[in-house]
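# An overview of the molecular structure
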Amino acid sequence: MSVAVDFRHLKGFVQDHEIEGLAPQIKTAHHMLHNGTGMGSDFTGWLTLPDDYDKEEFERIQKAARQIQSDTDVFIVIGIGGSYLGARAAIEFLKSQHYNALAKQTPDIYFAGNTISSSDLAELLEICKGRRVSLNMISKSGTTTEPAIAFRVFKDFMEREYGREEAGKRIYCTTDREKGTLKQLAEKEGYQTFVVPDDVGGRFSVLTAVGLLPIAVCGADIAALMQGAADARREYDNERLLENPCYRYAAARNILQRKGRDIELLVSYEPCCTMLCEWWKQLYGESEGKDQKGIFPAAATFSTDLHSMGQYIQDGKRILFETVVLFEKPKYDIVIENSPEDVDGLNFLQGRPVSYINRKAFEGTVLAHHDGGVPNIVVSVPDFSEYSLGYLIYFFEKACAVSGYLLGVNPFDQPGVESYKRNMFALLGKPGYEQEKEQLEARLKQ
Ligand code: PA5
């Protein structure tokens, strides 16, 4: 068992019989998910993925990663939403938030195509100048505007730098197995391609080539990542709520929301988890937030955000609960030394590791927040290994799917994401959107 969940800090907010009361619904949700009878069942490939992945492609991913490590200084990963967040989260989690600035044998990795900021794009091009560059374009549909714009710009850059043929060897595409414009282009230009499986949606795709290629490029052990997820799959394949911490988490958050806790704050005490929180926000926000329902997923890094959000959490409107991801062992530790002057009065901490102080910050905070009326769930993870990350990813994915079914929504679609795109295309004058353009422009002038 690699992830342990502690529900003690729900005392006074969620009672045992309430959790037990959800056992029949959890059982139903479990069967809907596993038998493919629930909404969106065409997109449940991630359930068995940790064991049933394409082994031949997995080897190709590892081979491509070794190639990129040997011939590349800057690896540009283009993608948005589910086609970017998981890879970035994993790299920062496993390596560092400062990965690019650290001394290492592997390429710098930058993410593009996740905004439409021209400044951001221009800065990335500047970073690439005079350095050996490779590119991973990731888009399941192949038509998403943000990555498509970045790809146009970078493809052009690569072809100018290397010529079309050499550029073709440095461009890797991760997209649909058969359809889509990106797949066609890749075939035409001879880019190496990797597959986003049909039955895995973007936000559930981190353990496919979408996440695995960039993660392997940073030097991480992707086999251990898959193993962690595979072991989690076995642990959480249990319909009995009280024996399954993943389902218990889903049940607890469902009960909390019924009591008015509409915001879940995912908290970590490690900055390298900031992007993991972003990945989690997409996973839960896109899966649950529909039909005017769903818990709003937010995130914070403590103790940093205790100095900005702490006041609200402790004392503001009681609409929050927290899920804290805690690590038993830091990546590195530093011990507080004695200071003869003791100007800061911290000599009482002499000999203590900084991680010990971080732990006490958590203990103090969880009790204070509980006293202030904020329920807490604590998810403990042993370390920052690939194995633990794989385990944690699967824990959150499965809890998310079951949470969606408990709520009565389709956890695997995202119809709401289209609305802004329609408006943007209309305002940009895309052919076919003429009528909307007029209406929208009139509204903007009102
Ligand atoms: O979860 C999702 O489906 C989305 O976040 C998509 O991953 C995102 O919109 C990018 O889509 P695509 O991979 O088709 O470019």
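Located above this text is the structure these notes cover.
Residues numbered from 1 in each chain as written. Predicted model: local features only at pLDDT ≥ 70, side-chain atom pairs only at ≥ 80, totals over all residues. Heavy atoms only, no water.

## Considering the overall build of the protein chain
Helix and strand content of the protein chain: 16 helices and 10 strands. Expressed as lengths along the three principal axes of its C-alpha atoms, the size of the protein chain is roughly 65 × 60 × 55 Å. Relative to its full complement of 446 residues, the protein chain shows a buried share of 51%. Across the protein chain, every contact between residues at least 6 apart in sequence was considered, and the portion connecting residues at least 24 apart equals 79%. Once the 50 positive and 63 negative side-chain charges of the protein chain are each reduced to a mean point, those two points are 3 Å apart. (Helix = DSSP H or I, 4+ residues; strand = E, 2+ residues; numbered from the N terminus. Buried < 20%, exposed > 50% of the residue type's maximum accessible area, 1.4 Å probe, protein only. Contact = heavy atoms within 4.5 Å. Lys, Arg positive; Asp, Glu negative; His and termini not counted. Charge placed at Lys NZ, Arg CZ, Asp CG, Glu CD.)

## Comments concerning the sheet that holds strand β7 (residues 263-268)
Strands sit in the order β1-β10-β9-β7-β8 across an open sheet of five strands; the sheet is mixed. At either end of the open sheet lies a strand with only one pairing partner, and these are β1 (4-6) and β8 (296-301). Strand-to-strand twist across the sheet, computed as the mean angle between neighbouring axes with direction ignored, equals 20°. Summarising the sheet, β7 and β8 pair through six bridges and their orientation is parallel. Paired with Ile 263 across the strands is Phe 296, a residue of β8. Of the strands in this sheet, β1, β7, β9 (320-327) and β10 (376-381) touch helix α14 (residues 386-407), which is tilted by about 145° from β10. (Pairing = 2+ DSSP bridges. Axes fitted to C-alpha atoms, helices over the stretch in contact; angles between N-to-C directions.)

## Here we look at the pairing of strand β5 (residues 171-175)
Along β5, five of the five residues are buried, which leaves the element largely enclosed by surrounding structure. Residues Ile 171, Cys 173 and Thr 175 point to one face of β5 and Tyr 172 and Thr 174 to the other, with burial holding for every one of them. As paired strands, strand β4 (residues 133-138) and β5 are joined by four bridges and run parallel to one another. Residue Leu 135 lies in a different strand from β5, and its bridge partner there is Ile 171. Following the backbone out of β4, through helix α6 (residues 145-170) and into the adjacent parallel β5, one traces a crossover that is right-handed. In this sheet, strand β6 (residues 192-195) lies alongside β5 in parallel orientation, the contact comprising four bridges. Across the sheet, residue Tyr 172 finds its bridge partner in β6, namely Gln 192. Handedness of the crossover is the feature at issue here: the chain leaves β5, passes through helix α7 (residues 181-189), returns alongside β6, and the resulting connection is right-handed. (Right-handed = clockwise from strand over helix to strand, strands pointing away.)

## Quick word on the nonpolar core
Grouped together as the largest cluster of nonpolar side chains are 97 residues, with contacts concentrated most on Leu 213, Trp 279 and Phe 396. Broken down by element, the residue count for this core peaks at 13 residues, all from α14. Residues in contact with Leu 213, not counting those within four places in the same chain, are Ile 61, Ala 64, Ala 65, Ile 68, Phe 75, Asn 136, Tyr 172 and Phe 194. (Core = buried A, V, L, I, M, F, W, Y, C linked by side-chain atoms within 4.5 Å.)

## Some thoughts on the state of the cysteines
Taken as a whole, this structure holds zero disulfides when the rule is applied. Among the cysteines around Cys 272, which has no disulfide bond, Cys 273 carries the closest sulfur, lying 4.4 Å off. In this model Cys 400 remains outside any disulfide bridge; the closest cysteine sulfur is found in Cys 246, 9.9 Å from its own. We classify Cys 400 as buried; its relative accessible area is 0%. (Disulfide = S-S within 2.5 Å.)

## Digging into the site of the ligand
What surrounds the ligand is a group of 13 residues, the closest being Ser 83, Ser 139, Ser 141, Thr 144 and Gln 282. Note that an oxygen atom of the ligand is positioned 2.7 Å from one of the backbone N or O atoms of Lys 140. Within the backbone of Arg 203, a nitrogen or oxygen atom sits 3.0 Å from an oxygen atom of the ligand. Relative to its unbound accessible area of 380 Å², the ligand is 88% covered by the protein chains. Looking at side-chain class alone, the shell around the ligand contains one nonpolar, nine polar and three charged residues. (Near = heavy atom within 4 Å. Polar contact = N/O pair within 3.5 Å; in protein donor to acceptor, adjacent residues only side chain to side chain. Areas by Shrake-Rupley, 256 points an atom, 1.4 Å probe, with all protein chains shown as cover. Nonpolar A, V, L, I, M, F, W, Y, C, P; charged D, E, K, R; others polar.)

## Section: the packing of helix α4 (residues 85-94) against helix α8 (residues 209-217)
One way to put it is that α4 packs onto α8 with a least axis distance of 8 Å and a crossing angle of 35°. Note that α4 runs across α8; the crossing there is right-handed. In contact with Ala 87, Ala 90, Ile 91 and Leu 94 of α4, α8 contributes Val 210, Gly 211, Pro 214 and Ile 215. Taken together, the residues of the contact of α4 with α8 break down into seven nonpolar, one polar and no charged. (Left-handed = near helix turned anticlockwise from the far one by under 90°.)

## Some remarks on the pattern of salt bridges
Going through the model one piece at a time under the given rule, you end up with 33 salt bridges. Measuring nitrogen to oxygen at the nearest pair gives 2.9 Å for the salt bridge that ties Arg 203 to Glu 286. Taken together, the residues span a long stretch of sequence, with Arg 203 in the loop between β6 and α8 and Glu 286 in helix α11 (residues 274-288) at a distance of 83 residues. Relative accessible area serves as the criterion here: at 4%, Arg 203 is assigned to the buried category. Given a relative accessible area of 23%, Glu 286 falls into the partly exposed group. When salt bridges with common partners are traced through the structure, they connect Asp 51, Asp 231, Arg 233 and Arg 234 into a single cluster. (Salt bridge = Lys/Arg side-chain N within 4 Å of Asp/Glu carboxyl O.)

## Observations concerning α8
Most of α8 is tucked away, with nine of its nine residues classed as buried. Those residues of α8 that sit buried are Ala 209, Val 210, Gly 211, Leu 212, Leu 213, Pro 214, Ile 215, Ala 216 and Val 217. Looking one or two residues beyond α8, the residue adopting positive phi is Gly 219, at roughly 95°.

## A word on the packing of aromatic side chains
The geometry of an aromatic ring pair is captured by two quantities: the separation of the ring centres and the angle between the planes. Overall, the coordinates contain 24 aromatic pairs when judged by the stated rule. Judged by centre distance (6.2 Å) and plane angle (45°), the ring pair of Trp 46 and Phe 412 falls under tilted. Taken together, the residues Trp 46 in the loop between α2 (23-35) and α3 (55-71) and Phe 412 in the loop between α14 and α15 (418-428) connect sequence positions 366 residues apart. Classification of Trp 46 as buried rests on a relative accessible area of 1%. What makes Phe 412 buried here is its relative accessible area of 6%. Considering the side-chain rings of Trp 280 and Phe 396, the 6.5 Å spacing of their centres and the 70° angle between planes classify their relative orientation as edge-to-face. (Phe/Tyr/Trp six-rings, centres within 6.5 Å; stacked < 30°, edge-to-face > 60°.)

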